[in-house]
Amino acid sequence: MKKSQNIVKYSGIGEVKYIQNPRARNLTIRINQQGEVRVTVPRLVSWRRAEAFFLSKEAWVRKKLDQRNSKGCRDSVPSEGELLRIRGREHKITLKESDSNCEDAIWRILRKEALDHLPGRVSELAQEHGYSYTGLKVRKMKTRWGSCTARKSINLNTWLMMIPELLSDYVILHELAHTRFPDHGKKFWKELDRTTGGLSSEYRKELRKHQIMCFTGENSA
């Protein structure tokens, strides 16, 4: 066991990783898209105190895990040799030297597909609706579909390739709308309704049904 990490298994929850981070100021609990629970522990906080903190939040953790499981995600990512379906095409998951596991391989495959598709699609939608942006980055993001900086540069998650293209377009339009309206005020939603034909609320609800790094056994075409 590493000095900076402690792993404890709890009934009904599974393994919880306590990870010491010298830069952390507070005890925090995070649950990633695969259901892994991690407790970040500041340097001067004892393992005992960290566990007491986690146990005080146990009900919240169980609730979040139940919500995640109810959406039908598989317990693990596909294995090497299995097929990953992206926009109607199947890609065999093969590990390369740069990959430490299948998750790395999946993100690598998605990045290539995303770079082939998303820049052109952003350009098309921007021209269609009269937007301008200063830059575009396509990258791995574990918690967000996209973002827009104050300088009107857009970031998009490579996982957009794993959701229906209609929703992927919605995310792109969402970020393009932020180039005009940085916050989520009334003007922003009015603008998004303009570009989505009044369906922004419907698309937003549908997008919530999808999770990053979530495998249900079926991938969107």
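Above this note sits the structure.
Residues numbered from 1 in each chain as written. Predicted model: local features only at pLDDT ≥ 70, side-chain atom pairs only at ≥ 80, totals over all residues. Heavy atoms only, no water.

(A) Seen up close, the side chain of Thr195. Along the chain, the position of Thr195 falls in helix α5 (residues 186–196). Given the relative accessible area of 9%, Thr195 is considered buried. Here the side chain of Thr195 touches Leu192 through a polar contact of 3.1 Å, landing on its backbone oxygen. Sequence-distant contacts of Thr195, defined by excluding residues within four places in its chain, comprise His129, Tyr131 and Leu173. (Helix = DSSP H or I, 4+ residues; strand = E, 2+ residues; numbered from the N terminus. Buried < 20%, exposed > 50% of the residue type's maximum accessible area, 1.4 Å probe, protein only. Polar contact = N/O pair within 3.5 Å; in protein donor to acceptor, adjacent residues only side chain to side chain. Contact = heavy atoms within 4.5 Å.)

(B) Fine view of the packing of aromatic side chains. For the structure on display, the rule yields 5 aromatic pairs. With 5.0 Å between their ring centres and 35° between their planes, Tyr10 and Phe54 make a pair best called tilted. Of this pair, Tyr10 sits in strand β1 (residues 5–10) while Phe54 sits in helix α1 (residues 47–56), and the two are 44 residues apart along the sequence. The class for Tyr10 is buried, based on a relative accessible area of 12%. Relative to Trp189, the ring of Phe188 lies with its centre 4.9 Å away and its plane at 80°, an arrangement referred to as edge-to-face. (Phe/Tyr/Trp six-rings, centres within 6.5 Å; stacked < 30°, edge-to-face > 60°.)

(C) A look at the packing of helix α4 (residues 165–177) against α5. For the pair α4 and α5, the least separation of the axes is 10 Å and the interaxial angle reads 135°. For the element pair α4 / α5, the angle class is oblique. Remark: the crossing between α4 and α5 carries right-handed chirality. Contacts between α4 and α5 involve Tyr170, Leu173, His174 and Ala177 on the former and, on the latter, Phe188, Trp189, Glu191, Leu192, Thr195 and Thr196. A breakdown of the residues in the contact of α4 with α5 according to their chemical character gives 6 nonpolar, 3 polar and 1 charged. (Axes fitted to C-alpha atoms, helices over the stretch in contact; angles between N-to-C directions. Parallel < 35°, antiparallel > 145°, perpendicular 65-115°, else oblique. Left-handed = near helix turned anticlockwise from the far one by under 90°. Nonpolar A, V, L, I, M, F, W, Y, C, P; charged D, E, K, R; others polar.)

(D) Quick look at the pairing of strand β9 (residues 153–157). Taking burial as the measure, the 5 residues of β9 include 5 buried ones, the bulk of the element. Burial of β9 is two-sided: the residues Ser153, Asn155 and Asn157 facing one way and the residues Ile154 and Leu156 facing the other way are all buried. Bridge count for strand β7 (residues 135–139) against β9 is 5 bridges, and the pairing is parallel. For Lys137, the partnering residue across the bridge sits in β9 and is Asn155. Bridge analysis of strand β8 (residues 146–148) against β9 gives 3 bridges, and the strand direction is antiparallel. Bridge assignment links Gly146 to a residue of β9, and that residue is Leu156. Turn length for the β8-β9 hairpin, with the two strands adjacent in sequence and antiparallel, is 4 residues, and the turn residue Lys152 shows positive phi of about 65°. (Pairing = 2+ DSSP bridges.)

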